[in-house]
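Coordinates in review
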There are 2 protein chains.
Amino acid sequence: MTTSEPLVANLEVGGRAPPLVQQVKDLFVLNPHAELTVSPSLSVCRWSAPLLQRLERSMSSVTIPPPACMLRPLETPMRYLFGPGPSNVPPRILAAGSRPIIGHMHPEMYEVMNDIKRGIQYAFQTENNVTIAMSGSGHAAMECAVFNTVEPGESVLIGVNGIWGERVAEIAERMGANVHRMVKTPGGYFTNKEIEKAMEKHKPVLFFLTHGESSAGLCHPVDGIGDICRKHNCLFLVDTVASLGAAPIFMDKQNIDILYTGSQKALNAPPGTAPISFNERACHKMFNRKTKPISYLFDMTYLSNYWGCDGKPARTYHHTGPVSGFFALRESLAILAERGLEESWKKHKEVAAYLYRGLEDLGLQLFIPERDLRLPSVTTIAIPNGYDWREMLVYIMKHHQMEMTGGLGPSIGMVMRIGLMGYNCEKSNADMALNALADALKNCKRSKA
Amino acid sequence: MTTSEPLVANLEVGGRAPPLVQQVKDLFVLNPHAELTVSPSLSVCRWSAPLLQRLERSMSSVTIPPPACMLRPLETPMRYLFGPGPSNVPPRILAAGSRPIIGHMHPEMYEVMNDIKRGIQYAFQTENNVTIAMSGSGHAAMECAVFNTVEPGESVLIGVNGIWGERVAEIAERMGANVHRMVKTPGGYFTNKEIEKAMEKHKPVLFFLTHGESSAGLCHPVDGIGDICRKHNCLFLVDTVASLGAAPIFMDKQNIDILYTGSQKALNAPPGTAPISFNERACHKMFNRKTKPISYLFDMTYLSNYWGCDGKPARTYHHTGPVSGFFALRESLAILAERGLEESWKKHKEVAAYLYRGLEDLGLQLFIPERDLRLPSVTTIAIPNGYDWREMLVYIMKHHQMEMTGGLGPSIGMVMRIGLMGYNCEKSNADMALNALADALKNCKRSKA
């Protein structure tokens with residue numbers, strides 16, 4: 001900055017960032033004729049046009065100044081995350097995620113990934129070799145499953161009884177699949193007979209079902225469906241994002257061909273990784289396709305090599321995995337292994353039952369009438385008469401620093417949702433949630449109702 | 001476990017995890033006739049077949065036991081990450097990433113995302129409204145850029161002078177684009193004349209160039225290319241994963257239409273997020289397409305809404321962003337804003353020059369002869385005669401706990417690479433790297449050379 005042109009700038013006076021303040025001071029030492037204008041809006045800052053035009057494309061030609069908002073420290077509140085996810089991350093997992101990182105292809109990283117693989121095998125109850133974690137959230141796993149096992153023009157059958165089936169249908173349509181939807185209103189479920197009938201009609205290569213339909217609070221039965229899929233030469237893809245660790249699932253015994261979940265629900269890791277597993281049938285289909293999957297990033301040929309699942313001696317560079325996210329995911333899977341699946345399932349069932357009683361005591365109605373079909377991790381209640389659900393949720397957030405949520409997709413306006421998952425799954429938390437709801441019921445009643 | 005069938009199990013005796021040990025003990029209390037077999041391989045464990053067959057698909061039917069590896073604590077070494085990335089993450093960024101999380105759609109999260117947007121605008125030197133961070137690494141940004149701005153059948157021109165151009169070509173081919181490659185050997189670069197000639201021939205809708213070609217250590221000139229692209233009605237897409245913060249780039253002034261980078265290079269955040277920006281020209285093309293982008297997850301219509309860039313009052317749920325990753329990214333962008341781009345560029349240039357001198361003093365030859373074309377963040381050296389580069393790298397890792405790497409893609413066997421990026425970019429670190437190299441040169445000389 002060796003010009004003596006007038007310039008217009010603003011800066012945060014007395015901010016916490018000496019480097020920028022010093023920079024600006026230096027600038028005025030170099031440029032004693034500079035005109036300083038402190039604008040009321042600290043976030044907008046421009047050098048004057050004449051100066052701009054004369055600046056060369058060199059190191060000295062920075063024209064967009066450092067934003068004032070970045071000179072303030074990061075501040076985030078403490079929240080009770082009692083919605084359908086993400087759930088609170090326990091200190092032990094936060095600590096694992098904040099370890100100094102190593103390279104994404106160091107042997108020690110491969111060990112961490114091998115551990116994750118075994119942890120997922122346990123959580124999914126599978127011996128599948130091709131078991132990995134996606135470098136992305138549940139949606140990355142969803143796209144990965146569809147992109148790899150379906151080719152354009154092939155028939156796909158999708159159970160839509162909430163938002164997730166609709167998402168998978170959209171994903172499959174975009175990549176050129178011939179999509180058939182079986183549709184139920186939120187809270188509805190499909191009988192095995194209905195599924196087999198639709199399978200006979202549409203002859204799909206893939207059938208999708210959501211085990212934990214978090215938008216409606218439904219835990220869909222899966223027994224027997226895998227057998228029907230085998231009979232009809234179809235792969236069975238199951239989404240357990242909201243249910244894994246909270247409700248029993250047995251990938252191998254239930255003949256599920258592709259299973260995935262997310263990290264931020266009952267596993268309590270931060271969002272950003274997603275376990276997924278493919279059995280031999282799924283591998284046969286996806287590794288014998290005529291066309292390449294449309295995404296290079298989600299191509300299981302490369303991902304299974306990166307995760308050491310393809311039997312090749314060397315792992316070659318594909319993409320840079322989220323090292324810290326994998327550290328955190330490993331810790332979350334370790335906690336589940338130490339605790340045991342049965343114990344985790346039992347706890348979710350008990351706390352959910354405790355919550356149901358409390359909700360009923362408050363005069364609230366559970367959205368899923370059949371107790372056995374309720375998702376233990378996410379409980380849905382019908383919106384009480386005479387209340388605006390948005391107002392109740394805002395009230396609870398404001399006065400209790402607690403997240404509960406409304407519906408999602410087709411269930412919007414139908415339900416309110418309370419999630420007590422993994423680390424959060426304690427009776428004491430259910431009491432807090434019930435207390436917050438009671439408070440909202442008392443204070444948010446509408447006069448005109 | 002209320003059966004009295006014999007069963008076969010193994011367990012880690014004296015491991016650190018009482019819950020599992022207790023579980024197994026409980027099992028034998030419930031099942032006094034169980035046969036216990038401790039296998040030499042602790043990681044393999046089966047219940048006997050007769051039992052398996054009779055088990056119901058219920059909470060008691062867990063057949064894959066908790067893996068022994070998960071009962072050991074996570075252990076990772078401390079490494080000097082002086083390769084081409086990821087680079088070491090400073091404690092301040094690790095701390096930001098380990099804060100208790102909040103919801104991905106809480107107002108405070110939107111504030112963090114707004115801050116990130118401004119931080120990227122500064123780092124990219126752009127005023128583009130559609131400026132976001134991908135929930136994924138640089139490859140996610142790469143696919144996002146191509147998927148959104150190109151439709152199947154359209155012509156794309158790609159500068160391939162190392163691995164990154166080849167990757168983009170592969171991505172564009174998979175989604176059905178008509179791909180034209182301009183190819184140079186690693187270290188080569190394209191003149192504006194060559195680019196314009198190819199553009200006249202192939203009439204592409206998109207031209208891709210890597211600013212920081214980390215596989216060869218080249219910093220490609222970009223001045224004037226944006227103007228050529230405008231003249232030919234073509235979008236200019238630039239990859240700055242390895243160069244951002246280390247070498248000057250001016251998105252707006254250099255008429256770059258789409259720019260992206262990664263989090264784990266000079267920004268020093270953990271891998272897993274990737275800043276990307278689209279200008280008005282790029283938005284016009286991508287928001288007026290005939291077909292939907294093939295990826296729902298990377299569809300900029302949804303992503304720009306999630307990031308509050310589409311002018312709509314409400315942000316609707318699309319996917320769950322990596323909350324902790326965004327906290328860390330915000331901190332990394334804050335550090336860059338406090339320090340200032342000019343200071344960061346100057347530091348990288350100075351430390352690189354210092355490293356060059358040291359390397360030449362060791363008798364090593366820099367791979368890119370033209371000093372001005374060298375990438376300040378990643379320095380490439382020709383493999384010295386009489387040495388096996390793999391042996392040298394293994395030696396340096398073993399004796400100095402330091403990562404340096406070989407080439408990547410077409411540059412494998414041609415170069416060794418030293419990265420000193422952001423937090424790692426200090427003369428003291430250059431000294432350590434030079435010391436490690438001197439040690440390897442002394443101890444890895446092959447007799448037959």
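Residues numbered from 1 in each chain as written. Chains lettered and ligands numbered in written order. Predicted model: local features only at pLDDT ≥ 70, side-chain atom pairs only at ≥ 80, totals over all residues. Heavy atoms only, no water.

- Looking up chain A in an unreviewed UniProt entry gives the name Alanine--glyoxylate aminotransferase, with the organism given as Scophthalmus maximus.
- UniProt lists a comment for chain A under the heading Cofactor (unreviewed entry), and it reads "pyridoxal 5'-phosphate".
- Turning to chain A, the UniProt record has this under Sequence similarities (unreviewed entry): "Belongs to the class-V pyridoxal-phosphate-dependent aminotransferase family." (UniProt positions renumbered as here; feature names shortened; annotations may be inferred.)

**Some thoughts on the sheet that holds strand E10 (residues 274–278) of chain B**
All names here are of chain B.
- Pairing in this open sheet of 7 strands is mixed, and the strands run E2-E10-E9-E8-E5-E3-E4 from one edge to the other. With partners counted over all chains shown, the strands left at the sheet margins are strand E2 (130–134) and strand E4 (178–183), one partner each. Pairs of neighbouring strands in the sheet enclose a mean axial angle of 15 degrees, with direction left out of account.
- In terms of strand pairing, strand E9 (residues 258–260) meets E10 through 3 bridges, oriented antiparallel. Paired with Ile-258 across the two strands is Phe-278, which belongs to E10.
- Sheet strands in contact with helix H7 (residues 192–202) are strand E3 (155–160), E4 and strand E5 (206–210), and its direction is about 155 degrees off that of E3. (Pairing = 2+ DSSP bridges. Helix = DSSP H or I, 4+ residues; strand = E, 2+ residues; numbered from the N terminus. Axes fitted to C-alpha atoms, helices over the stretch in contact; angles between N-to-C directions. Contact = heavy atoms within 4.5 Å.)

**Here we look at the pattern of salt bridges**
- Counted under the stated rule, the structure contains 34 salt bridges over all chains.
- The partner of A:Asp299 in a salt bridge is B:Arg174, and the shortest N-O contact between them spans 2.8 Å. Here A:Asp299, found in the loop between helix H9 (280–286) and helix H10 (300–306), pairs with B:Arg174, found in helix H6 (residues 163–174), and the two come from separate chains. The residues A:Asp299 and B:Arg174 share a single accessibility class, namely buried.
- Because the salt bridges share partners, they merge into one network encompassing A:Glu170, A:Arg174, B:Lys292 and B:Asp299. (Salt bridge = Lys/Arg side-chain N within 4 Å of Asp/Glu carboxyl O. Buried < 20%, exposed > 50% of the residue type's maximum accessible area, 1.4 Å probe, protein only.)

**Considerations on unusual backbone geometry**
- Along the chain, A:Gly85 connects to A:Pro86 via a cis peptide bond; the corresponding omega equals 0 degrees.
- Looking at where A:Pro86 falls in the secondary structure, it is placed in the loop between strand E1 (80–81) and helix H3 (91–97).
- Positive phi, close to 55 degrees, is recorded for A:Gln125, a residue that is not glycine.
- Position of A:Gln125 relative to the elements: it lies in the loop between helix H4 (107–124) and strand E2 (130–134).
- Overall, the relative accessible area of 2% leaves A:Gln125 in the buried class.
- Even without being glycine, B:Asn255 reaches a positive phi, approximately 50 degrees.
- As for its position among the elements, B:Asn255 is in the loop between strand E8 (235–239) and E9.

**Considering the interface of chain B and chain A**
- Every contact between the two is made by 113 residues of chain B and, on the other side, 114 residues of chain A.
- Viewed at the interface, chain A and chain B are joined by 6 salt bridges.
- Taken together, the links from chain B to chain A amount to 38 residue pairs in polar contact (both at pLDDT 80 or more).
- When residues of the side of chain B that touches chain A are traced back to their parent elements, those giving at least two are helix H1 (18–30), helix H3 (91–97), helix H4 (107–124), helix H5 (138–149), H6, helix H11 (323–339) and helix H12 (341–361) of chain B.
- In terms of residue count, the dominant contributor to the side of chain B that touches chain A is H11(B) (10 residues).
- In the side of chain B that touches chain A, the residues fall into 55 nonpolar, 29 polar and 29 charged. (Polar contact = N/O pair within 3.5 Å; in protein donor to acceptor, adjacent residues only side chain to side chain. Nonpolar A, V, L, I, M, F, W, Y, C, P; charged D, E, K, R; others polar.)

**As for helix H5 (residues 138–149) of chain A**
Residues and elements named next belong to chain A.
- Here H5 is 12 residues long and its end C-alpha atoms lie 17 Å apart, about the 16 Å a rise of 1.5 Å per residue gives.
- Along H5, 12 of the 12 residues are buried, which leaves the element largely enclosed by surrounding structure.
- Taken residue by residue, H5 has Gly-138, His-139, Ala-140, Ala-141, Met-142, Glu-143, Cys-144, Ala-145, Val-146, Phe-147, Asn-148 and Thr-149 as its buried positions. (Expected span 1.5 Å × (residues − 1).)

**Concerning the confidence of the model for chain A**
All names here are of chain A.
- Scored by pLDDT, chain A comes out at a mean of 89, with 86% of its residues at no less than 70.
- Taken as a whole, residues 1–59 scores under 50 in pLDDT and shows 100 contacts with residues more than four places along the chain or in a different chain.
- What the predictor reports for the complex is a pTM of 0.88 with an ipTM of 0.88. (pLDDT = per-residue confidence, 0-100.)

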